[in-house]
Amino acid sequence: VGHCHPDIVKAAHEQNQLLNTNSRYLHDNLVDYAERLSKTLPEKLCIFYFLNSGSEANDLALRLARQYTKHEDVIVLDHAYHGHLTSLIDISPYKFRNLEGQKEWVHVAPVPDTYRGLYREDHEDSVTAYADEVKNIIEHAHKRGRKIAAFLVESLPSVGGQIIPPAGYFQKVAEHVHKAGGVFIADEIQVGFGRVGKHFWAFQLQGEDFIPDIVTMGKPIGNGHPLACVATTKEIAEAFAATGVEYFNTFGGNPVSCAIGLAVLDVIEKEHLQAHATEVGNFLMKILKEQQIKHPIIGDVRGCGLFIGVDLIKDQAE
């Protein structure tokens, strides 16, 4: 919502003057903020865990998935990056290919890129073709005695090249993953909070009939303040709590962080930032497409709201 936004600075300052505690101590801000966030999400996603960073959020999402499914393996997209913790480097091809390589419990599916990918715009059904790649991965894993805990994906792959997955892809993938006993985790850390303009969450671009089992949030959630969140269903949360090992995070969900989170939501609403993202994004896309006509180096211009990619190429045909 902008550098040093006065409303955010004020919310942080006022709460800091009142109370900032370890989150073992209950505070209304935590409940108020969870309630406000829940209004932006499908009803099913009604349990919230607050943390300090997107990496912590994705790590917790993995723990939730594994506890709920009693499986270990994770499917991710090629070129993905999901955070800097060891557990997340292990599922980030963008990183592990330069480090220790792929673990046996990690499976990499092709990015659903209809410009450069395996199945392109001229393919008769790229959605099914890309989803079938995930289905094949699951079948091969099962043959090796492996079991799928989760498919973890950025709702719009960012490090992978600002990719807009074709509509319906998530639904088909979720079907295969659920059938295998796994859960679908949508990483909204870079693309959530109205960035895509027409929707508050990027996964909503796939259609109203698609609801992830777990959603992770970070980055814009606190406008620079360390704040993150995992939203999930009651069933998954109950399976996690059933271990008797409660989830605790010293600073996750502290009164100051929640006051800031609330202020961010207020600003997004008050300043109509979703509409702004749509308007400015459309304007930028229009200008970029005009440049594309003039310059053969620009192969593709794609995006939604203020999530935009310009694909630079050497050869139009290739």
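This text goes with the structure placed above it.
What you see is a predicted model; the values in this text were computed from it and never measured. (Residues numbered from 1 in each chain as written. Predicted model: local features only at pLDDT ≥ 70, side-chain atom pairs only at ≥ 80, totals over all residues. Heavy atoms only, no water.)

S.K.: Would you take a moment to explain the overall build of the protein for this structure?
M.R.: Secondary structure assignment for the protein yields 10 helices and nine strands. Projected onto the principal axes, the alpha-carbon positions of the protein cover approximately 65 × 50 × 40 Å. The proportion of buried residues among the 318 residues of the protein is 52%. Of the roughly 15,400 Å² of accessible surface on the protein, 52% is carried by carbon and sulfur atoms. Between the averaged position of the 30 positive side-chain charges in the protein and that of its 41 negative side-chain charges there is a distance of 3 Å. (Helix = DSSP H or I, 4+ residues; strand = E, 2+ residues; numbered from the N terminus. Buried < 20%, exposed > 50% of the residue type's maximum accessible area, 1.4 Å probe, protein only. Areas by Shrake-Rupley, 256 points an atom, 1.4 Å probe, with all protein chains shown as cover. Lys, Arg positive; Asp, Glu negative; His and termini not counted. Charge placed at Lys NZ, Arg CZ, Asp CG, Glu CD.)

S.K.: Could you clarify how one ought to interpret the sheet that holds strand β3 (residues 106-109) in this entry?
M.R.: Strand pairing in a sheet relies on backbone hydrogen bonds. The paired strands run either parallel or antiparallel. Strand order across the open sheet formed by seven strands is β1-β7-β6-β5-β4-β2-β3, with mixed pairing between neighbours. At either end of the open sheet lies a strand with only one pairing partner, and these are β1 (47-51) and β3. When strand polarity is set aside, the average angle formed by the axes of neighbouring strands in this sheet is 20 degrees. Bridge analysis of β1 against strand β7 (residues 228-232) gives five bridges, and the strand direction is antiparallel. Looking at the pairing, I47 lines up with T232 of β7. The strands touched by helix α3 (residues 54-69) are β1, β2 (73-77), β4 (148-154), β5 (183-187), β6 (214-217) and β7; relative to β6, the strand with the most contacts, the crossing angle is about 165 degrees. Those strands touched by helix α8 (residues 234-241) are β1, β5, β6 and β7, and its axis lies near 60 degrees from that of β1. (Pairing = 2+ DSSP bridges. Axes fitted to C-alpha atoms, helices over the stretch in contact; angles between N-to-C directions. Contact = heavy atoms within 4.5 Å.)

S.K.: Which parts of the structure should I look at to understand the packing of aromatic side chains?
M.R.: In this description, a pair of aromatic rings is defined by centroid distance and the angle of the planes. Under the counting rule described, the total for this entry stands at 15 aromatic pairs. Where F170 meets F210, the ring centres are 5.4 Å apart and the plane angle is 55 degrees; that geometry is what we call tilted. Here F210 lies in the loop between β5 and β6 and F170 lies in helix α7 (residues 169-179), a separation of 40 residues in the sequence. Each of the two residues, F170 as well as F210, counts as buried. Taken together, the ring pairs connect F151, Y169, F170, F184, F203 and F210 into an aromatic cluster. Directly above the aromatic system of F248 lies the positively charged group of R24, at a separation of 3.8 Å from the ring centroid. (Phe/Tyr/Trp six-rings, centres within 6.5 Å; stacked < 30°, edge-to-face > 60°. Lys NZ or Arg CZ within 6 Å of the ring centre and 35° of its normal.)

S.K.: What should I look at first to understand unusual backbone geometry in this one?
M.R.: Residues other than glycine predominantly adopt negative phi, and peptide bonds predominantly adopt the trans conformation. Backbone geometry at Q162 places phi at a positive 50 degrees, although glycine is not the residue there. Inspection of the secondary structure puts Q162 in the loop between β4 and α7. In this structure Q162 comes out as buried when scored by relative accessible area, which is 17%. One non-glycine residue, N223, adopts positive backbone phi at about 50 degrees. Considering the arrangement of structural elements, one finds N223 in the loop between β6 and β7.

S.K.: Hey, could you run me through the pairing of β3 in this one?
M.R.: Where a strand is regular, its side chains alternate between the two sheet faces. Where burial is concerned, the two faces of β3 agree: the one with V106 and V108 and the one with H107 and A109 are both buried. Relative to β3, β2 runs parallel, the two sharing four bridges. Counted as the bridge partner of L77 is A109 from β3.

S.K.: I'm lost on α8 in this one. Help?
M.R.: For the α-helix, the turn length of 3.6 residues means that residues three or four positions removed from each other point alike. When we look at burial in α8, the residues that qualify are I236, A237 and F240. Buried residues in α8, looked at end-on, bunch into an arc of 95 degrees, giving them a common side. Here the buried face of α8 lies against β1, α3, β5, β6 and β7. (Arc of directions from axis to C-beta.)

S.K.: Explain the side chain of D213 here, please?
M.R.: Looking at where D213 falls in the secondary structure, it is placed in the loop between β5 and β6. In this structure D213 comes out as buried when scored by relative accessible area, which is 8%. Here the side chain of D213 touches H178 through a polar contact of 2.7 Å, side chain to side chain. (Polar contact = N/O pair within 3.5 Å; in protein donor to acceptor, adjacent residues only side chain to side chain.)

S.K.: I'm lost on the pattern of salt bridges in this one. Help?
M.R.: Close approach of charged atoms allows side chains with opposite charge to pair. Under the definition given, this model contains 16 salt bridges. Among the ionic pairs, R36 bridges to D266, the shortest N-O distance being 3.0 Å. Placement of R36 in helix α2 (residues 28-38) and of D266 in helix α9 (residues 255-270) is noted, with a sequence separation of 230 residues between them. Judged by relative accessible area, D266 falls into the partly exposed class, the value being 39%. For the salt bridge of D213 with K44, the shortest nitrogen-to-oxygen distance reads 3.7 Å. (Salt bridge = Lys/Arg side-chain N within 4 Å of Asp/Glu carboxyl O.)

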